[in-house]
Amino acid sequence: MPEQALSYARRVVEREQRADALAALAEHLPQELMGEALAAAREIGDTDNREQALAGLAPRLAQEERARLYPLWRETLRHLVGRTRTGLLSDLAALEPVIHRLGEPQAIAETFCAIQDVGR
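Everything numeric in this text was worked out from a predicted model, so none of it was measured.

Engineer: Which residues make up the nonpolar core, and what values go with them?
Structural biologist: Within the largest apolar cluster, 33 residues are counted, with the highest numbers of intra-cluster contacts made by L22, L61, W73 and V98. If you tally residues by element for this core, the top one is helix α5 (residues 66–80), at six residues. The contact partners of V98, leaving out residues within four places of it in the chain, are A58, L61, A62, L69 and W73.

Engineer: Explain empty space enclosed by the protein to me, using residue names and the numbers behind them.
Structural biologist: Under the defined criterion, the tally for this structure stands at one cavity of 30 Å³ or more. Quantified by volume, the largest cavity comes out at close to 40 Å³. Together, L38, L61, L69, L72, W73, T76, L95 and V98 line the largest cavity. Looking at the lining of the largest cavity, the element that brings in the most residues is α5, giving four residues. For the lining of the largest cavity, a count of residues per class yields seven nonpolar, one polar and no charged.

Engineer: Lay out the pattern of salt bridges with the relevant residues and their values.
Structural biologist: Enumeration according to the criterion identifies six salt bridges in this entry. Connected through shared salt-bridge partners, R10, E36 and E43 make up one network.

Engineer: Requested: an account of the side chain of R60, with residues and values cited.
Structural biologist: Tracing the sequence through the fold places R60 in helix α4 (residues 47–61). Although R60 lies buried, it forms no salt bridge, and the closest oppositely charged side chain, E64, sits 7.0 Å away as judged by the N-O distance. Residue contacts for R60: discarding those within four places in its chain leaves A26, E27, H28, L29, P30, Q31 and M34.

Cut-off values and rules
Residues numbered from 1 in each chain as written. Predicted model: local features only at pLDDT ≥ 70, side-chain atom pairs only at ≥ 80, totals over all residues. Heavy atoms only, no water. Core = buried A, V, L, I, M, F, W, Y, C linked by side-chain atoms within 4.5 Å. Buried < 20%, exposed > 50% of the residue type's maximum accessible area, 1.4 Å probe, protein only. Helix = DSSP H or I, 4+ residues; strand = E, 2+ residues; numbered from the N terminus. Contact = heavy atoms within 4.5 Å. 1 Å grid on protein atoms, 1.4 Å probe; cavity = no way out; pocket = protein on both sides within 12 Å on 5 of 7 lines; lining within 4 Å. Points joined across faces, edges and corners; volume = space filled by probe spheres on them. Nonpolar A, V, L, I, M, F, W, Y, C, P; charged D, E, K, R; others polar. Salt bridge = Lys/Arg side-chain N within 4 Å of Asp/Glu carboxyl O. Lys, Arg positive; Asp, Glu negative; His and termini not counted.

Here's what the structure looks like:
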């Protein structure tokens, strides 16, 4: 059932409704679907709605084991560097629980590099 709900949320055309659906699903999704939910949130083009979806997913993502979370984080950073500076900073603020969970110098350094890349 959670797989179907996530599939439905990904197909919602209206960005605000998609963000609402992803955020609401976060607490109900099994850990193995969180990467797919994160990918769906990253695909939302509107900064405010993407931030809402990411903020809804972030506390649940922060419960992942670091070994599983780190590759998701690296993939997310690759997407974030294509954003505007405002979009990047907004997304990073929404993902603060994930950054805190990783809490390793490498994650913080990569975050800093993403901010620098957007500034170029």
